[in-house]
Amino acid sequence: PSHDTIPSDAECIGMGLDFGFTNDPTACVMVYRYNGELIIDELLYQKGYTNQDIAQFFNHAGLNKTMSIVADSAEPKSIEEIRRFGKTIRGVTKGKDSINYGIQVMQSQEYLVTSNSLNIIREFRSYIWDTDKQGNKLNKPIDYNNHICDAIRYHEMETLRINKNRGNYSIGIR
């Protein structure tokens with residue numbers, strides 16, 4: 001489902017950021033909570049952005065210094081550079097099988113997507129699982145056209161957690 005605008009009384013709970021540059025876009029989303037639902041809004045989906053460009057984008061978008069940004073921990077130098085521009089940013093905690101874990105966390109939620117978030121809508125519609133030569137689904141997604149999905153996943157992995165308790169899954173908010 002889509003949502004045309006962010007309600008004025010929606011609570012902004014943070015941002016997710018996936019780095020890109022030449023072949024892949026830098027992708028950034030804002031996540032809101034409203035009436036018990038999550039709304040995601042695409043902020044940035046652009047190739048060629050340096051870390052300085054990203055920080056300047058955040059300034060022009062009016063993001064305050066305390067806004068929590070969760071980014072891909074595979075780029076610690078980028079995270080540190082953006083932090084030095086005065087942003088509150090940290091790398092996502094990754095562990096064994098973190099992609100599938102993050103997808104599982106996302107699948108446990110329902111999202112409203114703003115109607116102007118065209119890349120989120122496109123990526124959600126095209127996100128598919130890899131297959132072997134016989135056409136059997138593998139337990140891993142295809143790593144293509146998933147940049148904004150990764151940004152959402154990073155935020156959600158740090159905000160929501162799934163606890164395994166005797167084989168049952170429960171969702172907890174941190």
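Residues numbered from 1 in each chain as written. Predicted model: local features only at pLDDT ≥ 70, side-chain atom pairs only at ≥ 80, totals over all residues. Heavy atoms only, no water.

Colleague: Just to check I follow, could you spell out the overall build of the protein for this structure?
Modeller: Counting secondary structure elements, the protein contains five helices and eleven strands. A buried classification covers 42% of the 174 residues belonging to the protein. Look at the contacts in the protein between residues 6 or more apart in sequence, and 56% of them connect residues 24 or more apart. When the accessible surface of the protein is summed, it comes to about 10,000 Å², and 47% of that surface belongs to carbon and sulfur atoms. (Helix = DSSP H or I, 4+ residues; strand = E, 2+ residues; numbered from the N terminus. Buried < 20%, exposed > 50% of the residue type's maximum accessible area, 1.4 Å probe, protein only. Contact = heavy atoms within 4.5 Å. Areas by Shrake-Rupley, 256 points an atom, 1.4 Å probe, with all protein chains shown as cover.)

Colleague: Hey, could you run me through the side chain of T26 in this one?
Modeller: Tracing the backbone shows T26 in strand β3 (residues 26–34). Only 3.1 Å separates the side chain of T26 from the backbone oxygen of G20, close enough to count as a polar contact. Beyond its immediate chain neighbours, meaning those up to four positions away, T26 contacts L17, D18, F19, G20, L44, Y45, Q46, Y49 and I54. (Polar contact = N/O pair within 3.5 Å; in protein donor to acceptor, adjacent residues only side chain to side chain.)

Colleague: Explain helix α5 (residues 147–159) to me, please; I cannot follow it from the model alone.
Modeller: Here α5 spans 19 Å end to end across 13 residues, near enough to the 18 Å set by a 1.5 Å rise per residue. Counting buried positions along α5 gives 13 out of 13 residues, so the element sits mostly inside the fold. (Expected span 1.5 Å × (residues − 1).)

Colleague: How should I be thinking about the nonpolar core in this particular structure?
Modeller: Across soluble globular proteins, nonpolar side chains show a tendency to be buried alongside one another. With 20 residues, the main nonpolar core has M15, L17, F19, F58 and I89 as its most contacted residues. Broken down by secondary-structure element, the contributors of at least two residues to this core are β2 (11–18), β3, β4 (37–46), α1 (51–60), β5 (68–71) and α2 (76–84). V113, I120, A151 and I152 belong to the second-largest nonpolar core, a separate cluster that totals twelve residues. (Core = buried A, V, L, I, M, F, W, Y, C linked by side-chain atoms within 4.5 Å.)

Geometric descriptors of this kind do not, in isolation, establish any biological role.
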